[in-house]
Amino acid sequence: MHIRLEESWKQALASELETEYFKELTVFVREAYLNGTVYPPPKDLFAAFDDCQFDQVKVVILGQDPYHSPEQAHGLAFSVPDGVAIPPSLKNIYKEIKNDIGTDIPPSGNLERWADQGVFLLNSTLTVAAGAPGSHQGKGWEEWTDAAVKALSEEREHLVFLLWGNFAKKKGAHIDRTKHLVLEAAHPSPLGAYKGFFGSRHFSKTNAYLEAQGQKPIVW
C-alpha cells in the first residue's frame, strides 16, 4: 500500500515506515479495504496527519477507534463530517466546552477547524470494519500511533495532551511530562462523562497553558 502521508510526518516517522510490523499492517489494511467495508474512506485514512503538520501541533486529543457506522468517520478523532448527526461523545465534549468557557454549541460535528489551529485529533487505531468496533485493534496501529505520540513528546516542547478514558491514558506512558502539559479525565462518552469529564475544564486549562507559552489559544 502506497503511504500518502504528509511530508513532515513522513520525516518524523521515517523509521516506523521501515519496520516489519508496519509492512504487515499495510498488507492487512489493503486487504481489509479490498474485501469489505472499512472506515474511514481510504482518502481519509491519514487525515489527522494531513490536517495538522508535525511542527504545527499544539494540542493532542487521543481517541480510540474510528466511528464504525456509515458517513461518520473521516479520519479525525471524535469528528464527523458536516451534515452528520453529532455523536454522543462529541455532544458531551461540546457541553463541557460551553460550561467551561461559554462557547455556544455549534451545529456541526466537523472538527477540522480545530485541526487547522494545531489540534492533532488522533485515534489509537486508524481503521475499523463496518459495524465492528475494535475489529482492527492489535494489528499494528497502536504501535504506529504510539510512535507518533513519542515523536511529538521527544521532538516538540510545551504541547498539551488531553487523555480521556483509560485507553488514552495508556498513551501517556510515552509522554515526557517535564516539558508538556498532560491533562487526564474520564472519557466523554455517556457512560463516562459524569465520572470526571464534566467539570474537568480541560479547554480553559489548555488555553491558559498555551498563552503562558506565548502561543495563540484554541478557538474551541
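In the block above lies the structure referred to throughout.
Residues numbered from 1 in each chain as written. Predicted model: local features only at pLDDT ≥ 70, side-chain atom pairs only at ≥ 80, totals over all residues. Heavy atoms only, no water.

**A word on the packing of aromatic side chains**
Operational definition: Think of it this way: a Phe, Tyr or Trp ring, Trp meaning its six-membered ring, pairs with another when their centres are within 6.5 Å, and the plane angle makes it stacked under 30 degrees, edge-to-face over 60, tilted otherwise. By definition, any uninterrupted DSSP run of H or I lasting at least four residues is a helix, any uninterrupted run of E lasting at least two residues is a strand, and each is numbered from the N terminus. Burial classes: relative accessible area under 20% of the type maximum marks a residue as buried, over 50% as exposed, and values in between as partly exposed (1.4 Å probe, protein chains only).
The full count for this structure, using the stated rule, is 17 aromatic pairs. Ring centres of Phe 49 and Trp 144 lie 6.1 Å apart, and the angle between their planes is 50°; on these two criteria the pair is classed as tilted. Of this pair, Phe 49 sits in helix H4 (residues 47-50) while Trp 144 sits in helix H7 (residues 141-155), and the two are 95 residues apart along the sequence. Take Phe 49 and Trp 144: they sit in the same class, and that class is buried. Following the ring pairs from residue to residue traces out a cluster consisting of Trp 9, Tyr 21, Phe 22, Phe 46, Phe 49, Phe 54, Phe 120, Trp 141 and Trp 144.

**Some words on helix H3 (residues 20-35)**
Rule in force here: One less than the number of residues in a helix, times 1.5 Å, gives the span that helix is expected to have. Directions are taken from the helix axis to each C-beta atom, and the arc is the one they span. Contacts: residue pairs with any heavy atoms within 4.5 Å of one another.
With 16 residues, H3 extends 23 Å between its outermost C-alpha atoms, agreeing within 8% with the 22 Å of an ideal straight helix rising 1.5 Å per residue. Inspection of H3 places Phe 22, Leu 25, Thr 26, Val 29, Ala 32 and Tyr 33 among the buried residues, and these make up the whole buried set. Along H3, the residues classed as buried sweep out an arc of 130° about the axis, all on the same side. Residues of H3 that are exposed and point over 90 degrees away from its buried face: Glu 20, Glu 24, Leu 34 and Asn 35. Close packing links the buried residues of H3 with helix H2 (14-17), strand E1 (38-39) and H7.

**Concerning the pairing of strand E5 (residues 160-164)**
Filter applied, for reference: Note: two strands are recorded as paired if DSSP finds a minimum of 2 bridges between them. Convention used here: a crossover is right-handed provided that the path from the first strand, over the helix, to the second strand proceeds clockwise when the strands point away from the viewer.
Most of E5 is tucked away, with 5 of its 5 residues classed as buried. Of the two faces of E5, both are covered, the one formed by Val 160, Leu 162 and Trp 164 as well as the one formed by Phe 161 and Leu 163. As defined by bridge partners, strand E2 (residues 59-63) adjoins E5 across 3 bridges and the pair is classed as parallel. For Ile 61, the partnering residue across the bridge sits in E5 and is Leu 162. Here E5 pairs with strand E6 (residues 181-185) via 5 bridges, running parallel. The residue bridging Trp 164 from the neighbouring strand is Ala 185, located in E6. Crossover E5 to E6 through helix H8 (residues 166-171) is right-handed.

**So, the sheet that holds strand E3 (residues 119-123)**
Keep this limit in mind: Here an angle of 0 to 180 degrees is reported between the N-to-C directions of two axes, which are lines fitted to C-alpha atoms, with helices fitted over the stretch in contact.
Taken together, the 4 strands give an open sheet; going across it, the order is E3-E2-E5-E6, and neighbouring strands pair in parallel fashion. In this open sheet, the two edge strands, each paired with only one partner strand, are E3 and E6. Shown here is a sheet whose adjacent strand axes are inclined to one another by a mean of 20°, direction ignored.

**Here we look at H7**
Taking 1.5 Å as the rise per residue, H7 with 15 residues should run 21 Å; its terminal C-alpha atoms sit 21 Å apart, in good agreement. Looking at H7, one finds that the buried residues are Trp 141, Glu 142, Trp 144, Thr 145, Ala 147, Ala 148, Val 149, Ala 151, Leu 152 and Ser 153.

**Focus on unusual backbone geometry**
Cis geometry marks the peptide bond from Tyr 39 to Pro 40, where omega comes out at -5°. Located in the positive-phi region is Glu 71, a residue other than glycine, with phi close to 75°. By the secondary structure assignment, Glu 71 is in the loop between E2 and helix H5 (88-101). For Phe 78, which is not glycine, the phi torsion reads 70° and is therefore positive. Turning to its location among the elements, Phe 78 is positioned in the loop between E2 and H5. Classification of Phe 78 by relative accessible area gives buried; the value is 9%.

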